[in-house]
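So the chains spell out like this:
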2 protein chains.
Amino acid sequence: MIAFPDAVGRLAVALGGSPAAKFAASALVEADALGLPRFGIAMLDEWTADAAPVPTGASPQAISWVDASSCFAPLAVASATLDVAEAARQFGIAAVFLHGVRGFGRLAPFVRHLADAGLLGIAGAEGPPFVAPHGGTRPVIGTNPLALAMGQGSDRVVIDVATSTATMADIRNARASGTPLPDGIALDGDGRPTSLATDVAALLPRGGQVGSLLGLVVELMAGVAGGGRGDPKGRGVFILAFDPVRPGEGVDWNAKLARLKSDWTNGGGHWPRGGRQSAQAVLEDDFAQRLDACLARMTGQPGR
Amino acid sequence: MIAFPDAVGRLAVALGGSPAAKFAASALVEADALGLPRFGIAMLDEWTADAAPVPTGASPQAISWVDASSCFAPLAVASATLDVAEAARQFGIAAVFLHGVRGFGRLAPFVRHLADAGLLGIAGAEGPPFVAPHGGTRPVIGTNPLALAMGQGSDRVVIDVATSTATMADIRNARASGTPLPDGIALDGDGRPTSLATDVAALLPRGGQVGSLLGLVVELMAGVAGGGRGDPKGRGVFILAFDPVRPGEGVDWNAKLARLKSDWTNGGGHWPRGGRQSAQAVLEDDFAQRLDACLARMTGQPGR
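Throughout, a residue's number is its position along its own chain's written sequence, starting from 1. The order in which chains are written sets their letters, starting at A; the order in which ligands are written sets their numbers, starting at 1. Selection of residues for local features in this predicted model requires a pLDDT of at least 70, selection of side-chain atom pairs for listing and counting requires 80 or more, and totals for whole chains, interfaces and linings are taken over all residues. Values shown for side chains rest on all heavy atoms present in the structure; no hydrogens or waters enter the calculation.

Here the focus is the pattern of salt bridges. Pairing is possible between side chains that carry opposite charge, provided their charged atoms lie close to one another. Salt bridge, as applied in this entry: a Lys or Arg side-chain nitrogen positioned within 4 Å of an Asp or Glu carboxyl oxygen. Under the defined criterion, the tally for this structure stands at 24 salt bridges over all chains. The partner of Glu46(A) in a salt bridge is Arg102(A), with the nearest N and O atoms 3.9 Å apart. A residue pair is termed long-range when its members are at least 10 positions apart, and Glu46(A) in the loop between α2 (19-33) and β2 (63-67) and Arg102(A) in the loop between β3 (93-101) and α4 (108-116) qualify at 56 residues. We classify Glu46(A) as partly exposed; its relative accessible area is 40%. Burial here depends on accessible area, computed with a 1.4 Å probe over protein chains only, as a share of the maximum for the residue type. Under 20% is buried, over 50% is exposed, and the range in between is partly exposed. Judged by relative accessible area, Arg102(A) falls into the partly exposed class, the value being 38%. A salt bridge links Arg10(B) to Asp292(B); its shortest N-O distance comes to 3.0 Å. With Arg10(B) in helix α1 (residues 4-14) and Asp292(B) in helix α8 (residues 285-299), the pair connects residues that are 282 residues apart, well separated along the chain. Secondary structure elements follow DSSP: runs of H or I of four or more residues count as helices, runs of E of two or more count as strands, with numbering from the N terminus.

Residues and elements named next belong to chain A. Here, a strand pair is defined by DSSP locating no fewer than two bridges between the strands. What the six strands build is an open sheet, ordered β2-β3-β10-β4-β5-β6; its pairing is mixed. Two strands in the sheet have a free side with no partner beyond their single neighbour: β2 and β6 (157-161). For this sheet the average axis-to-axis angle between neighbouring strands, irrespective of direction, equals 10 degrees. Pairing analysis gives four bridges linking strand β4 (residues 120-125) to strand β5 (residues 146-150), with the strands arranged antiparallel. Within the sheet, the bridge partner assigned to Ala123 lies in β5 and is Ala147. Against the sheet, helix α3 (residues 73-91) makes contact with β3 and β10 (235-242), and its axis sits at roughly 165 degrees relative to β3, the strand it touches most. Each axis is a line fitted through C-alpha atoms, and for a helix only the stretch in contact is used; angles between axes span 0 to 180 degrees, taken between their N-to-C directions. Any pair of residues with heavy atoms lying within 4.5 Å of one another is described as a contacting pair.

Before going further, it helps to examine the pairing of strand β5 (residues 146-150) of chain B. Residue and element names in this part refer to chain B. The element β5 is largely enclosed, with a buried count of five among its five residues. Side chains Leu146, Leu148 and Met150 of β5 all project onto a buried face; the interleaved residues Ala147 and Ala149 project onto the opposite face, where all are buried too. Pairing analysis gives five bridges linking β5 to strand β6 (residues 157-161), with the strands arranged antiparallel. Residue Ala149 lies in a different strand from β6, and its bridge partner there is Val158.

Residues and elements named next belong to chain A. What a helix is expected to span follows from its residue count: subtract one and scale by 1.5 Å. With 15 residues, α2 extends 21 Å between its outermost C-alpha atoms, agreeing within 8% with the 21 Å of an ideal straight helix rising 1.5 Å per residue. Buried residues dominate α2, accounting for eleven of its 15 residues. Those residues of α2 lying buried are Ala20, Ala21, Phe23, Ala24, Ala25, Ala27, Leu28, Val29, Glu30, Ala31 and Asp32. Among the structural elements, α1 (4-14), α3, α4, β11 (282-283) and α8 (285-299) are those in contact with the buried residues of α2. Backbone geometry just after α2 places Gly35 at a positive phi near 80 degrees.

If you look at the interface, chain A gives 64 residues, while chain B gives 64 residues. Once two parts are brought into contact, the accessible area they lose, counted with a 1.4 Å probe and summed over both, makes up the buried area. Approximately 5,200 Å² of surface area, both sides summed, lies buried where chain A meets chain B, with 77% of it carried by carbon and sulfur atoms. Between the two partners, chain A and chain B, sit two salt bridges. Among the salt bridges present, the one from Arg229(A) reaches Asp263(B), with a minimum N-O distance of 2.9 Å. Whenever two N or O atoms come within 3.5 Å, that pair is a polar contact, provided that in protein one can donate a hydrogen and the other can accept it, and provided that, for residues adjacent in sequence, both atoms are side-chain atoms. Counting across the chain A and chain B interface gives 14 residue pairs in polar contact (both at pLDDT 80 or more). Going through the elements one at a time, β2, β3, β4, β5, β6, α6 (209-225), β10 and α7 (253-266) of chain A are the ones with two or more residues in the side of chain A that touches chain B. If you tally residues by element for the side of chain A that touches chain B, the top one is α6(A), at 14 residues. In this classification, the charged set is Asp, Glu, Lys and Arg, the nonpolar set is Ala, Val, Leu, Ile, Met, Phe, Trp, Tyr, Cys and Pro, and all remaining amino acids, among them Gly, are polar. Taken together, the residues of the side of chain A that touches chain B break down into 39 nonpolar, 17 polar and eight charged.

What follows is the structure, given as structure tokens:
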């Protein structure tokens, strides 16, 4: 077993010890602690000793583009998030577009950092074509999650929603276990609904037309404006942040957020918090052994 | 009958003849030409001769807030859109948040203007609580549309999607005509599904959870960060734009957009264009008479 802060601390050192390294390490370990190992330290499989340093501009820019194809992706996304927070504080609003991004984990920890900084943060990621348009028959866009976070403490909101009914990993798992898929998840190679994982050629958008259009919004932002679409080296990711405090005005958006949360939960809704592992969490032996193996490979030294 | 440009021209003069007046006039007349009279010159019912001029800053701001409660709403939204386009060209990215906005029509013409200016434009509008959260029983947020536009010509995309299954106007129409509602549209005062328009106490989110979360995104942007939520004088509206051209780089986002459109339509998807009336359109006598009546009231002179 290993305590959450210890795991984060050891991984942060192996990633270079920078603020971005600590942030990336925390995001990855958190996914494992939340029981989402596909988005956790499994990402370290793509780490290489010769990964390029993350490109950063000489000074903050309100809008910028980053080619992350030579970088370790979680570090690149963490670094871009730190940069966009600084730029949003300086300019009021800022955005960064990354392309060539390999597996980086979940969006939630990155937008949550922007909320911690007092900003409203929005991010989205496009990816390889697995999902058909609403009413369509063939895959065109990725599972394209959108995330938003604002606020602190118990009123904080962290939305992190995929725009497809399932992920390709879900399909692979169903294929491996021989489990039939629920209705309305996927299409076969002829564009017909299928519940056989072995026949899946396309996933369906979540919630029909509205999920399809939201997936298209993410594709237009991260894939077209951000330049990620069709890049064989990785995904397109956008991160946008702005400071909701109006200069010279006393409007308290925190109070409006608290009231909205209260209305939402009193109306029977679930207030999304995006998951966060407490610093007191302890991870199991299986995780500790996987982390040791990763660190040994990264540092060239046997694990402790 | 009246030709589209003539109707726009006459209304623009009555609204003061400014660029914002021409833009607002075009947006309203277009809705009537598209057969959406609820979003057209019916908005002029809220025009008053003593409406305040639309507040504009001395110089473009990357992020700004506008109290539109004393303004004619379509003019305020048009003026804010023109301002955000100028600010986005200057700073690379910009956003404006309006609150106290009365009926202004559709979002599509406003984001389309940003696309015409070579920008990617996003807008959203929150409103009175008619829509329940996913899984909930009582109304908490508005029908909260989100819109996005980019590109020009045949590749242009204009998304304009409501996050509810229906509008309160749909419910009023069904109530007036005694028509039963389709399943999955609405809840009664006890939070149970209903098909009786007279029993409707809440609309349902479009597409279940994903539509509910998208409605919440719009509420957080326009209602919390923008300050519109709970303002009895009107809605919260946000308009955000950025310039997707990277300084010093040759990446052609127009080519990526054209390719995405081709992939989307070849995959069986509908490429959303948000409706646009051709300049050759002719509006019917009924519209011409309603316009005459509006103009007579606005100018204090009998219609021609």
